[in-house]
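Summary of structural features
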Amino acid sequence: MGLNSRRKIRIGDILLNEGVITNEQLEKALEIQKEKKKRLGEVLVDEGIITDDIMADALCHQLGLDRADLTETRIPDDLLSLFDVDILKKYVAIPYAYDSKNVNIIRMAMADPMDMLAIDDLSMITNRMIDPMVSTSREIMTAIDRYFGNSEAIKAAKSYEEERADLFQDDEVERMMKEDVNSSPIVQLVNTIIEQAVRQRTSDIHIEALERNVRVRYRIDGALHERMTYSIKLLPAIVARLKVVGGMDISEKRKPQDGRITSFVDGREYDIRVSILPTVYGEKVVMRITNKNALTRDKAELGFDEHDLKLFDHILSNPHGIILVTGPTGSGKSTTLYTALSELNTEDVNIITVEDPVEANVAGINQVQTNAKAGLTFAAALRSILRQDPDIIMIGEIRDGETANIAVQASITGHLVVSTLHTNSAASTITRLADMGIPMYMIADATVGIIAQRLVRRLCPRCKRKRPATPEELELLYLEGYQVDIYEPVGCANCDNNGYKGRIGVYEIMDVTPHVKKVIAENGDAEHIKQAALEDGMRTLRMSATQYVIDGVTSIDEMRKVSFEM
């Protein structure tokens, strides 16, 4: 009876009843659905009208169904073996558990629990009743990857090897590379590597040529994890496929090459920068994955506490001057920069950026991409930008004295300039600018704020374990003589047995107050500048990381990585 009553309700009506979409939004989505021939739910999520979590909660509430927690439950192997992975992908569904009272009823996590055709089909395949439960398509596809992903990749690799078992000579491999680059197993294998990486929150994919194998590693939350290995015979075809889709020269194997791929995974657009480097055993590939929507976040999501948020807002309220975001590669500088820009992006200001490359497209901002071959360097682009009547200028990175000099001149003449530098701390950023040939009195005049940052891994909230801190750890936390509990990583299904899930920013925000300006203008070194900033209320990276340890957000090992040099 429950299933039949569901037949009469449409997903659009459910979301209207819940008040999560308007009639206009539904009509727009229905038009797109006709054109693209996708499920309505998919269209609503793809167009950014609702999130898949909001949709799942609305379905649960209206239909009286349970929400499946796919991260916490281990799905039995015998249950998974009842279904072919292609069917599960087709219907965006995964078996979740047997009914507690009747093994002839299978609980099925579904992105669309009202898809009667899918329910009937899945029921016929297993000869059992299907009890639908609600989940998001992203959660389901991630679970399918977790349970079937490696076997799918191995199947594609084996299929390719069997097709090419007789090819061993170099000239034959060369021929294979050119002729069969679009052969389906390799296309499938490369797609699987990228899709799995995205679903596992990977920032970089490393495809490495070892002596006998190709090793694939994913960088997740800053740490590399080996995910799969293949025969070295597959390397030329994998690299050739990536060169084709990345717009590189397929015949050039002796020089490093860079390319770019746009990939859609679960309806979201990802920008992938590909770097290929010749090594002893073959070409090594590194792919940097960027979700174009993830760079522009709400400032509350960056991890600022109340003290840091006030400082951040105060620095951004300056009408002119230089704001610098500093830190090593992969410390989240671009995210902070884009968040600052979206805060400043109002109708009454002209914002122009010069980047290498443009990492995310932001509505209402004029973005320029450098092109060294055409002579459009950072410095050349900046000179042109200054003739475009800008209010705010964003420079992707200050790399040399010429760029630094133009940035300082622009900030002194009434522009707000935001940029990044590779330095370890806020105070050492001042001395780096001086090393680039900028006089200290000009730096003091131009700089309004510096944000030094790092990323630390968050402890998994479901499995972290509390324990008393040792005397050595208390000393590291500047809490000698106190009794303090800290948390350490354990590992569970929710965090893929890593003990950590996600990352959070650690910040050192230096507001360049009149006192700090005076120390800079008097040629103070990094230590004197830091001391003056501390007196005016700055908190160092180490202080911020220590607070995260005390609050149970991260572990003492993560804090050590951040504050090693502090």
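Below you will find a few notes about this structure. Because the structure is a prediction, the values reported are computed rather than measured. (Residues numbered from 1 in each chain as written. Predicted model: local features only at pLDDT ≥ 70, side-chain atom pairs only at ≥ 80, totals over all residues. Heavy atoms only, no water.)

1. Here we look at the overall build of the chain
Note the threshold: Think of it this way: any DSSP run of H or I at least four residues long counts as a helix, any run of E at least two long counts as a strand, and we number them from the N terminus. The reference for a compact globule is 2.2 Å times residues^0.38; the radius of gyration itself is calculated from the C-alpha atoms. Note on exposure labels: buried denotes an accessible area under 20% of the residue type's maximum, exposed denotes more than 50%, and partly exposed covers the range between, all computed with a 1.4 Å probe on protein chains only. Should any heavy atoms of two residues lie within 4.5 Å, those residues are counted as being in contact. With residues, only the protein chains shown are counted as cover, and all accessible areas are computed by Shrake-Rupley using a 1.4 Å probe. Residues scored as positive are Lys and Arg, those scored as negative are Asp and Glu, and His as well as the terminal groups of each chain are ignored. In this description, the location of a charge corresponds to atom NZ of lysine, CZ of arginine, CG of aspartate or CD of glutamate.
When helices and strands are counted, the chain shows 23 helices and 18 strands. Radius of gyration (C-alpha) of the chain: 27 Å, near the 24 Å computed for a compact globule of 566 residues. When its C-alpha atoms are laid out on the principal axes, the chain stretches across 80 × 60 × 55 Å. Residue burial in the chain is summarised as follows: out of 566 residues, 50% are buried. Of the contacts made within the chain by residues no fewer than 6 positions apart, 62% connect residues no fewer than 24 positions apart. About 27,000 Å² of surface is accessible on the chain, with carbon and sulfur atoms providing 48% of the total. Here the chain carries 69 positive and 88 negative side-chain charges, and the mean point of each set is 3 Å from the other.

2. A word on the sheet that holds strand β11 (residues 351–355)
For the record, the criterion: Strands are labelled as partners when DSSP assigns at least two bridges between them. Between N-to-C directions, angles cover 0 to 180 degrees, with each direction set by a line fitted to C-alpha atoms, over the stretch in contact for helices.
Pairing within the open sheet is mixed, and its seven strands lie in the order β12-β11-β13-β14-β10-β15-β18. For this open sheet the edge positions go to β12 (366–369) and β18 (500–511), each flanked by a neighbour on one side alone. Recorded for the sheet is a direction-independent mean angle of 20 degrees between the axes of neighbouring strands. One ladder, built from four bridges, connects strand β13 (residues 392–395) with strand β14 (residues 416–421); its direction is parallel. Bridging across to β14, isoleucine 392 finds its partner in leucine 416. Docked against the sheet, helix α22 (residues 541–550) engages β15 (447–459) and β18, running at close to 145 degrees with respect to β18.

3. With respect to the packing of helix α2 (residues 11–18) against helix α5 (residues 52–63)
Threshold: For this classification, under 35 degrees means roughly parallel, over 145 means roughly antiparallel, 65 to 115 means roughly perpendicular, and everything else is oblique. Residues are grouped as follows: Ala, Val, Leu, Ile, Met, Phe, Trp, Tyr, Cys and Pro are nonpolar; Asp, Glu, Lys and Arg are charged; every other residue, Gly included, is polar.
Packing of α2 against α5 brings their axes to within 9 Å, and their N-to-C directions diverge by 90 degrees. In this view, α2 runs roughly perpendicular relative to α5, as classed from their interaxial angle. The segment α2 lies against α5, with Ile11, Ile14, Leu15, Asn17 and Glu18 engaging Met55, Ala58, Leu59, His61, Gln62 and Leu63. By residue class, the composition of the contact of α2 with α5 is seven nonpolar, three polar and one charged.

4. As for the pattern of salt bridges
Rules: What makes a salt bridge here is a side-chain nitrogen of Lys or Arg within 4 Å of a carboxyl oxygen of Asp or Glu, nothing more.
Here the structure, examined in full by the defined rule, presents 27 salt bridges. Here glutamate 208 ties to arginine 217 by a salt bridge, and the two come within 2.8 Å at their closest N and O atoms. One exposure class covers both glutamate 208 and arginine 217, and it is buried. Across the pair glutamate 488 and arginine 465 runs a salt bridge whose closest N-O atoms are separated by 3.2 Å. One end of the pair, glutamate 488, is in strand β17 (residues 485–488); the other, arginine 465, is in strand β16 (residues 465–468), and 23 residues separate them in sequence. Relative accessible area serves as the criterion here: at 44%, arginine 465 is assigned to the partly exposed category. Here the salt bridges share partners, and the residues they tie into one network are Asp53, Asp57, Arg67 and Glu139.

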